[in-house]
Amino acid sequence: DTAVSQTPKYLVTQMGNDKSIKCEQNLGHDTMYWYKQDSKKFLKIMFSYNNKELIINETVPNRFSPKSPDKAHLNLHINSLELGDSAVYFCASSQKPPYYGYTFGSGTRLTVV
Amino acid sequence: KQEVTQIPAALSVPEGENLVLNCSFTDSAIYNLQWFRQDPGKGLTSLLLIQSSQREQTSGRLNASLDKSSGRSTLYIAASQPGDSATYLCAVVNDYKLSFGAGTTVTVRA
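Small disclaimer: the values here were computed from a predicted structure and weren't measured.

A.B. asks: Is there a simple way to explain the overall build of chain A in this structure?
C.D. replies: Secondary structure summary: chain A contains zero helices and eleven strands in total. In sequence order, chain A lays out its α and β elements as β-β-β-β-β-β-β-β-β-β-β. Expected size for 113 residues packed as a compact globule is a radius of gyration near 13 Å; at 13 Å, chain A falls within 12% of this value. Along the three orthogonal principal directions, the C-alpha set of chain A runs to about 40 × 25 × 25 Å. Taking all 113 residues of chain A together, 43% fall into the buried category. Surface summary for chain A: the accessible area is close to 5700 Å², and the carbon and sulfur share equals 49%. Computed over 13 positive and 10 negative side-chain charges, the separation of the two mean positions in chain A equals 4 Å.

A.B. asks: Help me understand the packing of aromatic side chains in this model?
C.D. replies: The way to describe two aromatic rings as a pair is by their centre distance and the angle between their planes. Inspection of every chain in the model, using the stated rule, returns ten aromatic pairs over all chains. Considering the side-chain rings of A:Tyr35 and A:Phe104, the 5.5 Å spacing of their centres and the 55° angle between planes classify their relative orientation as tilted. With a gap of 69 residues between them, A:Tyr35 in strand 4 (residues 31-37) and A:Phe104 in strand 10 (residues 103-104) connect regions that are remote in the sequence. A:Tyr35 sits in the buried class, given a relative accessible area of 0%. Classification of A:Phe104 by relative accessible area gives buried; the value is 8%. When the centroid spacing of 5.7 Å and the interplanar angle of 85° are considered together, the rings of A:Tyr35 and B:Phe100 count as edge-to-face. Pair noted here: A:Tyr35 is in strand 4 and B:Phe100 is in strand 10 (residues 97-100), and the two residues belong to different chains.

A.B. asks: I would appreciate a short explanation of the nonpolar core in the present structure.
C.D. replies: Soluble globular proteins tend to bury their nonpolar side chains together. Counting 22 residues, the largest nonpolar core has B:Phe25, B:Leu33, B:Trp35, B:Leu75 and B:Tyr88 as its most contacted members. Taken together, the elements giving at least two residues each to this core come down to strand 3 (19-25), strand 4 (32-38), strand 5 (44-51), strand 7 (62-67), strand 8 (72-77), strand 9 (86-94) and strand 11 (104-109) of chain B. Setting aside its immediate chain neighbours within four residues, B:Leu75 contacts B:Leu19, B:Val20, B:Leu21, B:Trp35, B:Leu47, B:Leu48, B:Leu62, B:Asn63, B:Ala64 and B:Tyr88. Counting residues in each nonpolar core, the second largest holds 19 residues, with A:Met32, A:Leu76, A:Cys91 and A:Val112 among its members.

A.B. asks: Mind showing me how you'd approach the environment of A:Ala72 here?
C.D. replies: Residue and element names in this part refer to chain A. Looking at where Ala-72 falls in the secondary structure, it is placed in the loop between strand 7 (64-70) and strand 8 (73-78). Taking the C-alpha atoms as reference, Ala-72 lies 32 Å from Val-113; in sequence the two are 41 residues apart. Excluding its chain neighbours within four sequence positions, the residues that come into contact with Ala-72 are Cys-23, Glu-24, Gln-25 and Met-32.

A.B. asks: Can you help me understand the interface of chain B and chain A in this one?
C.D. replies: When the parts come together, some accessible area is lost, and that loss is often what is quoted as the size of the interface. The partner chain A presents 20 residues to the 19 residues of chain B that form the contact. Counting the contacts that link chain B with chain A gives one salt bridge. The closest approach of N and O atoms between A:Glu58 and B:Lys97, which form a salt bridge, is 3.0 Å. There are six residue pairs in polar contact (both at pLDDT 80 or more) connecting chain B and chain A. Elements with a contribution of two residues or more to the side of chain B that touches chain A: strand 4, strand 5, strand 9 and strand 10 of chain B. Considering every element that reaches the side of chain B that touches chain A, the biggest residue donor is strand 4 of chain B, with four residues. Of the residues contributing to the side of chain B that touches chain A, the split by class is ten nonpolar, seven polar and two charged.

A.B. asks: It is not clear to me how unusual backbone geometry should be interpreted in this structure. Could you clarify?
C.D. replies: Trans peptide bonds make up most of the peptide bonds, and negative phi angles are found at most residues other than glycine. That bond from A:Thr7 to A:Pro8 is cis: its omega, -5°, falls within 30 degrees of zero. Secondary-structure assignment places A:Pro8 in the loop between strand 1 (4-7) and strand 2 (10-13). For the peptide bond that leads from B:Ile7 to B:Pro8, omega is 0°, which places it in the cis range. With respect to the helices and strands, B:Pro8 occurs in the loop between strand 1 (4-7) and strand 2 (10-14). The backbone of A:Lys52 shows a phi angle near 75°, a positive value even though the residue is not glycine.

A.B. asks: I tried to follow the state of the cysteines on my own but got confused; where do I start?
C.D. replies: Note: disulfide means a covalent bond formed between the sulfur atoms of two cysteine side chains. The final tally for this structure, using the stated rule, is two disulfides over all chains. Residue A:Cys23 pairs covalently with A:Cys91 via a disulfide, S to S 1.8 Å. Here A:Cys23 and A:Cys91 share a disulfide; its torsion about the S-S bond, -80°, makes the bridge left-handed. Taken together, the residues span a long stretch of sequence, with A:Cys23 in strand 3 (residues 19-25) and A:Cys91 in strand 9 (residues 87-94) at a distance of 68 residues. Using a relative accessible area of 0% as the deciding quantity, one classes A:Cys91 as buried. Across the disulfide, B:Cys23 is cross-linked to B:Cys90 (sulfur-sulfur distance 2.0 Å). One disulfide, between B:Cys23 and B:Cys90, carries an S-S torsion of -60° and so falls in the left-handed class. Placement of B:Cys23 in strand 3 and of B:Cys90 in strand 9 is noted, with a sequence separation of 67 residues between them. Among the residues examined, B:Cys23 registers a relative accessible area of 3% and is labelled buried.

Rules of the game
Residues numbered from 1 in each chain as written. Chains lettered and ligands numbered in written order. Predicted model: local features only at pLDDT ≥ 70, side-chain atom pairs only at ≥ 80, totals over all residues. Heavy atoms only, no water. Helix = DSSP H or I, 4+ residues; strand = E, 2+ residues; numbered from the N terminus. Rg over C-alpha atoms; globule rule 2.2 N^0.38 Å. Buried < 20%, exposed > 50% of the residue type's maximum accessible area, 1.4 Å probe, protein only. Areas by Shrake-Rupley, 256 points an atom, 1.4 Å probe, with all protein chains shown as cover. Lys, Arg positive; Asp, Glu negative; His and termini not counted. Charge placed at Lys NZ, Arg CZ, Asp CG, Glu CD. Phe/Tyr/Trp six-rings, centres within 6.5 Å; stacked < 30°, edge-to-face > 60°. Core = buried A, V, L, I, M, F, W, Y, C linked by side-chain atoms within 4.5 Å. Contact = heavy atoms within 4.5 Å. Salt bridge = Lys/Arg side-chain N within 4 Å of Asp/Glu carboxyl O. Polar contact = N/O pair within 3.5 Å; in protein donor to acceptor, adjacent residues only side chain to side chain. Nonpolar A, V, L, I, M, F, W, Y, C, P; charged D, E, K, R; others polar. Disulfide = S-S within 2.5 Å.

What follows is the structure, given as structure tokens:
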């Protein structure tokens, strides 16, 4: 009964490919997020959805497109992958407002070769 | 724009010593502050959550304080153990956005 689950855990792909990462939460939270952790281990927000509506869209290349079919799912699709996209991507969820804090998934390590 | 700074970046202590991890943030209009632990190659585990109206939170050997007006939080870990070795991340919430510091990597030597 994992609270926030991401698949796949590891993803190795070639430059130029398109890939998706899936995220699901069973906490009943209203808001979901994608964070990127770069090689220096710094975590930065990419997107946030509240009840299927995009509310935060940081300066992210438009090759990255989040999709939220319902409030329990937030997927991340990446087109034309580049070497610099290699990172760990974390999904998270919270209530709105986040009175009880944030819950994170275990991460997806994306390696572009 | 919120900036979160954690000092020191790394810390190595012998087992049994108390740990003091510092976090500072530039925008004091935070909703709450959360401390996380990250083990190598793993996800983030929430340790403590402090609401903006609170001064501290405690869980077992962990105690976190918050001084919102000065933009500071401190995580204390008493009687450290080798199992406490990890990276500790401080994160603050503004406008539903969680901003992280770069973390403090702790090594507890047996």
